[in-house]
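Understanding the architecture of this molecule
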Amino acid sequence: MESHVSHKQRLWLYVLTALILIFLVLPTLIVIPMSFSSANSLAFPPPGWSMRWYESFFGQEKWLLSAWVSLRVALGTMIVATTLGTAAAYGLHVGSFALRGTISSVLIAPLAIPSILLAIGLFFVYASAGLLNSTLGLVIAHTLAAIPFVLITMTAGFKTYDLSQEMVARSLGASRLKAFFTITLPQLKFSVISAALLAFIVSFDEVVISVFISAGPNSTLTKVMFSTLRDDVDPTIAAVSTLMLLIATVPPLVLQLLANRKRES
């Protein structure tokens, strides 16, 4: 049924939506021109243009080491969280056991728990387990934060998939595991890729947990950024923020374009 509401009558809604988007996006976009500023401090608009702050980033060991730590931890988190989250989503989707709702709520709970509380809890647990300032500790902590995003994404993917195809493969002799990897998973590849990207971004952008459990040579990029802002406002922060913005936005946009092209073909 076609709506009788005209575009003119919806004009207020379009304007409101545009204002909300501008309010959310504009502060982030301001960082980009500031990263190319020739000023010795953060200034907008920039008095001139220069690549000096990108040269500062790539020329300082502390930034490069922390970037490598963040990339390494984010990749580890992506692999672990995507694997566990996909397995959990599949089990919760096909299962009919009594504690299904409870398990789902527990797995999603990190979204409702303030990061500061999770960070403090992890700090005391890690202090006794010897996991502070370790890559393994960071991967485990970031996985806890990323699993809810993977679970929600994959749950939505499984709801759009017809499991009867997997059942047909199993009726022909395939094991559940083989049917999952050869029939189900390939058809949910865009959901898996989306979940993996979300896990990567959640880990790469995580700051509160990283501040508590990382230090020294295992400091993440966000931890070094936080420390730099606390001690001295270095315009290199703008260059780092721009690079992180590109990492967080370009891959999802490329994935969306590929998915749209796949649907059209």
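Residues numbered from 1 in each chain as written. Predicted model: local features only at pLDDT ≥ 70, side-chain atom pairs only at ≥ 80, totals over all residues. Heavy atoms only, no water.

**A look at the overall build of the protein chain**
Operational definition: For helices the rule is a DSSP run of H or I covering at least 4 residues; for strands it is a run of E covering at least 2, with both sets numbered from the N terminus onward. Between two residues, a contact is recorded if the distance between any of their heavy atoms is within 4.5 Å. In short, Shrake-Rupley with a 1.4 Å probe defines the accessible areas, and a residue's cover is counted only from the protein chains shown. By the counting scheme adopted, Arg and Lys are positive, Glu and Asp are negative, and His together with the chain ends is not counted. Lys charges are placed at NZ, Arg charges at CZ, Asp charges at CG and Glu charges at CD.
When its secondary structure is counted, the protein chain shows twelve helices and zero strands. Ordered by position from N to C terminus, the α and β elements of the protein chain give α-α-α-α-α-α-α-α-α-α-α-α. Counting only C-alpha atoms, the protein chain reaches 70 × 65 × 30 Å along its principal axes. A separation of at least 24 residues holds for 67% of the contacts in the protein chain among residues at least 6 apart in sequence. Counting every atom, the protein chain has about 15500 Å² of accessible surface; 71% of that belongs to carbon and sulfur. In the protein chain, which carries 16 positive and 11 negative side-chain charges, the distance between the mean positions of the two groups comes to 11 Å.

**A word on helix 2 (residues 52-59)**
An α-helical turn contains 3.6 residues, so a residue and the one three or four places further along point in the same direction. The line we're drawing: Each residue gets one of three labels from its accessible area relative to the maximum for its type: buried under 20%, exposed over 50%, partly exposed in between, using a 1.4 Å probe on protein chains only. It is the directions from the helix axis to the C-beta atoms whose arc is reported.
Turning to helix 2, its buried residues are Trp53, Tyr54, Ser56 and Phe57. One side of helix 2 carries all its buried residues, which in axial view fall inside an arc of 155 degrees. Turned more than 90 degrees away from the buried face of helix 2, the exposed residues are Glu55, Phe58 and Gly59.

**Quick word on helix 8 (residues 176-187)**
The line we're drawing: Helix span is expected to be 1.5 Å times the residue number reduced by one.
Between the first and last C-alpha of helix 8 there are 16 Å, a value that for twelve residues agrees with the 16 Å anticipated at 1.5 Å per step. Where helix 8 is buried, its residues touch helix 3 (61-94), helix 6 (135-159) and helix 7 (164-171).

**Looking at the packing of helix 7 against helix 8**
Just so we agree on the cut-off: All axes are obtained by fitting lines to C-alpha atoms, using only the stretch in contact for helices, and the reported angles, taken between N-to-C directions, cover 0 to 180 degrees. Definitions for this section: a left-handed crossing has its near helix turned counterclockwise from the far helix by less than a right angle. A right-handed crossing has that turn clockwise. Each residue is assigned to one of three groups, with Ala, Val, Leu, Ile, Met, Phe, Trp, Tyr, Cys and Pro labelled nonpolar, Asp, Glu, Lys and Arg labelled charged, and all others, Gly among them, labelled polar.
For the pair helix 7 and helix 8, interaxial distance at closest approach is 9 Å and the crossing angle is 145 degrees. Crossing of helix 7 against helix 8: the hand is right-handed. Packed against helix 7, whose contacting residues are Gln165, Glu166, Ala169 and Arg170, the element helix 8 presents Arg176, Ala179, Phe180, Ile183, Thr184 and Gln187 at the interface. Grouping the amino acids of the contact of helix 7 with helix 8 by side-chain chemistry returns four nonpolar, three polar and three charged.

**Topic: the packing of aromatic side chains**
Formally: Any pair of Phe, Tyr and Trp rings, taking the six-membered ring for Trp, is counted once the centres come within 6.5 Å. Such a pair is stacked with planes under 30 degrees apart, edge-to-face with planes over 60 apart, and tilted for the rest.
This structure, assessed with the given rule, holds eight aromatic pairs. When the centroid spacing of 6.2 Å and the interplanar angle of 45 degrees are considered together, the rings of Phe57 and Trp63 count as tilted. Each member of the pair Phe57 and Trp63 is classed as buried. With a centroid separation of 5.4 Å and 80 degrees between ring planes, the pair formed by Phe180 and Phe181 is classed as edge-to-face. The exposure class assigned to Phe180 is buried, which follows from its relative accessible area of 11%. Aromatic ring contacts, followed pair by pair, group Tyr90, Phe158, Phe180 and Phe181 into a single cluster.

**What to know about the environment of Thr77**
Relative to the helices and strands, Thr77 resides in helix 3. Taking the C-alpha atoms as reference points, Thr77 and Ser41, separated by 36 residues in sequence, lie 35 Å from one another. With sequence-adjacent residues up to four places away left out, Thr77 is seen in contact with Thr82, Val139, His142, Thr143, Ala146, Ala199 and Ser203.

**Considerations on the environment of Gln187**
For clarity, the cut-off: Residues adjacent in sequence count toward polar contacts only when both atoms are side-chain atoms; beyond that, a polar contact is any pair of N or O atoms within 3.5 Å, and within protein one must be able to donate a hydrogen and the other to accept it.
Among the secondary structure elements, Gln187 is positioned in helix 8. As for Gln187 and Tyr161, which are separated by 26 residues in sequence, their C-alpha atoms are 8.0 Å apart. Not counting the four nearest positions on each side in its chain, Gln187 is found in contact with Tyr161 and Gln165. A polar side-chain atom of Gln187 sits 2.8 Å from a polar atom in the side chain of Gln165.

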